[in-house]
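Residue-level structure breakdown
Spelled out from the first residue to the last, the chains are:
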Amino acid sequence: MSSNGYSSSVPLMENFVGGKFQTSNGPVIGNVTNPATGQVLRQVPGSLKEEVDAAIAAAQEAFVSWSATPITKRVSYMFRFREIIHRRLADFVAVIRQEGGKTVKDAEGDIIRGLEVADYACGFTGKVEGMFEKNIATDIDMLQVREPLGVCIGICPFNFPAMIPLWMIPIALVTGNTFVLKPSELVPGAAHLLAEISLEAGFPPGVFNIVQGGKDTVEALLDNPHIKAVSFVGSTPIGRIVYQKASMKGIRAQCNMGAKNHAVIMPDCNKELTLQALTAAAFGATGQRCMAISVAVFVGESIGMLPALVEKAANVRMGTDENSDMGPLISAQAKARVEKLVQSAKTQGAKILYEGQPPSSKGNWMGPVIISNVTTDMDVYNQEIFGPVLVCLQVQTLDEAIQLINSNRFGNGTAIFTESGVAARKFQSEIEVGQVGINIPIPVPAPPFGFTGSKDSMWGDLPFYGPTGFAFFTRPKTIVSRFKW
Ligand code: NAD
């Protein structure tokens, strides 16, 4: 073992700076392990401040010519980039499954949803239009253009190692910015593939860069005086720190953060479809989706569906292959945290209706859990669990359900299950949540729409991708001209 904690028997993740893979001299901050087996796969260095500064310097240098590269040419790089991702889908699926313990379907979804944002970015030409007014005053013309910002940085969570970097990179690059990505230290492999692909696609050196690391590396990125924008996706406490630091520097940030997504089950819902949707949305991806349904709010007599819900949970297939519904949790720490929250529900007076058994004692497996008799003062209701746990509450009216959800500090996603257009329309109008599903449990916006959120789920005014994504990565400039006097 070397002085920085590096053991030569396990590969060390590399940085990607100025078009070259580089070994960091920083200390090893952790291992990437296979969550299904506990096998150590790779080590991750905490990139040092000078390495972070070098990555930003490379991006700054590249910005000069990249921002001046014609739009059509920048887009043609993006076309090549998305073609190669498409060709290497199997490589992404393999690394996402290995590092994140995802099922085949979830790993495919991870890269394909990201690829869709790259597709959208390929249609950039003509999407960011300026304004022009001839004779806004006598013989004076006014022009407004949108220009790229400069070096932008991205800080990513563990749960979508391909999709979330791809929420950021394609739009940042086609608009003429250069980018430094800090992948999650738990799942850095997909970002490494993106670096390889950027090389093959021929992006000029320094346009896209990666630094590995955790907290200290993020701090070094945020402290660098040359960054112009921060894209962050992760938990609420960290997102707040990132947003505050960016704001204090006077630069823009888009921070998508934690969630507590409620599903409202009306008595008139289609019972079978609702049960299937709830089961998939609560336990799919082991509850580790920011859009997972983690709270079921039964209105009136719909509470009678609980025994059938338990039956569905008991049929969830645990594993990581083609036929599996749910894999392991990302880490031993995550598993311990979820188990502690389930225990707190027991001691605080809730009822554990169902607790599935893990299929293996190795890795971070945990079965689905359904908790009823939950009240809003319990930890299991107030904290984001981010595990395969569905907490259930009962209210008597839709008004009460809406009030409950609007009083929650998170505002990421929500859903209502009903056959009544009146109830659905009332819900969609009165609910204060970013993404709303009507008989759709996980209403993730497609790339032309932008992924929004409110309250403690999103800080910043310009959501990821969609037209707001283009606005985030560009700044308006107004030119007033007169050539006659
Ligand atoms: P996390 O907040 O622990 O980590 C996110 C990133 O922040 C990582 O790259 C990590 O290295 C870095 N980081 C960790 N501690 C830091 C610190 N003290 N200072 C600076 N940087 C730090 O999140 P996670 O556990 O990787 O991801 C799960 C969270 O992400 C959940 O809360 C989930 O809801 C959220 N999420 C939200 C969305 C959304 O769109 N709203 C999407 C996906 C995930």
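Residues numbered from 1 in each chain as written. Predicted model: local features only at pLDDT ≥ 70, side-chain atom pairs only at ≥ 80, totals over all residues.

A short note on the site of the ligand
Residues in close proximity to the ligand total 28 residues, the closest being Pro157, Gly234, Ser235, Asn256 and Cys290. Contributing elements (two or more residues each) for the shell around the ligand: helix H7 (215–223) and helix H8 (236–249). Split into classes, the residues belonging to the shell around the ligand amount to 14 nonpolar, 10 polar and four charged. (Near = placed C-beta within 6 Å. Helix = DSSP H or I, 4+ residues; strand = E, 2+ residues; numbered from the N terminus. Nonpolar A, V, L, I, M, F, W, Y, C, P; charged D, E, K, R; others polar.)

A closer look at the UniProt feature "domain: Aldehyde dehydrogenase" (unreviewed entry) in the protein
What UniProt calls "domain: Aldehyde dehydrogenase" (unreviewed entry) maps, in this numbering, to residues 31–479. What you have in residues 31–479 is 41% helix and 22% strand, and the ends, taken at the C-alpha atoms, are 52 Å apart. (UniProt positions renumbered as here; feature names shortened; annotations may be inferred.)

Some details on helix H5 (residues 163–174)
Look at H5: 17 Å from first C-alpha to last across 12 residues, which is about the 16 Å you get at 1.5 Å a residue. Along H5, 12 of the 12 residues are buried, which leaves the element largely enclosed by surrounding structure. For H5, the full list of buried residues reads Met163, Ile164, Pro165, Leu166, Trp167, Met168, Ile169, Pro170, Ile171, Ala172, Leu173 and Val174. Looking at the residues trailing H5, positive phi occurs at Gly176, about 105 degrees. (Expected span 1.5 Å × (residues − 1). Buried ≥ 20, exposed ≤ 12 C-beta atoms within 10 Å, placed from the backbone.)

Considering the packing of helix H4 (residues 104–122) against H5
Running from N to C, H4 and H5 cross one another at 10 degrees; their axes reach a closest spacing of 8 Å. Classified by the interaxial angle, the pair formed by H4 and H5 is roughly parallel. Facing H4, whose interface residues are Asp110, Arg113, Gly114, Leu115, Val117, Ala118 and Ala121, H5 presents Met163, Leu166, Trp167, Pro170, Ile171 and Val174. (Axes fitted to C-alpha atoms, helices over the stretch in contact; angles between N-to-C directions. Parallel < 35°, antiparallel > 145°, perpendicular 65-115°, else oblique. Contact = placed C-beta atoms within 7 Å.)

Brief notes about the sheet that holds strand E5 (residues 131–137)
The three strands lie next to each other as E5-E6-E22, forming an open sheet whose pairing is antiparallel. Across the chains shown, the open sheet's two edge strands, defined by having one partner strand only, are E5 and strand E22 (474–482). Each neighbouring strand pair of the sheet contributes to a mean axis angle of 25 degrees, computed without reference to strand direction. Two strands pair when backbone bridges link them, and strand E6 (residues 140–148) and E22 are joined in this way by nine bridges, in the antiparallel orientation. Paired with Gln144 across the bridge in E22 is Thr478. (Pairing = 2+ DSSP bridges.)

Description of the domain arrangement of the protein
Domains assigned within the protein are domain 1 (15–257 + 457–480) and domain 2 (261–438). For domain 1 versus domain 2, the distance between C-alpha centres works out to 31 Å. The interface of domain 1 with domain 2 comprises 16 residues on the first partner and 20 residues on the second. Only helix H3 (89–100) and H4 provide two or more residues apiece to the side of domain 1 that touches domain 2. Here the residues of the side of domain 1 that touches domain 2 sort into six nonpolar, seven polar and three charged. (Domains from an automatic or database assignment.)

Looking at the environment of Trp459
Checked against the element boundaries, Trp459 lands in strand E21 (residues 458–459). What makes Trp459 buried here is the crowd of 22 C-beta atoms within 10 Å. For the pair formed by Trp459 and Ala57, sequence separation is 402 residues and the distance between their alpha carbons is 28 Å. Once residues within four sequence positions are removed from consideration, Trp459 is found in contact with Gly239, Arg240, Tyr243, Cys255 and Met257.

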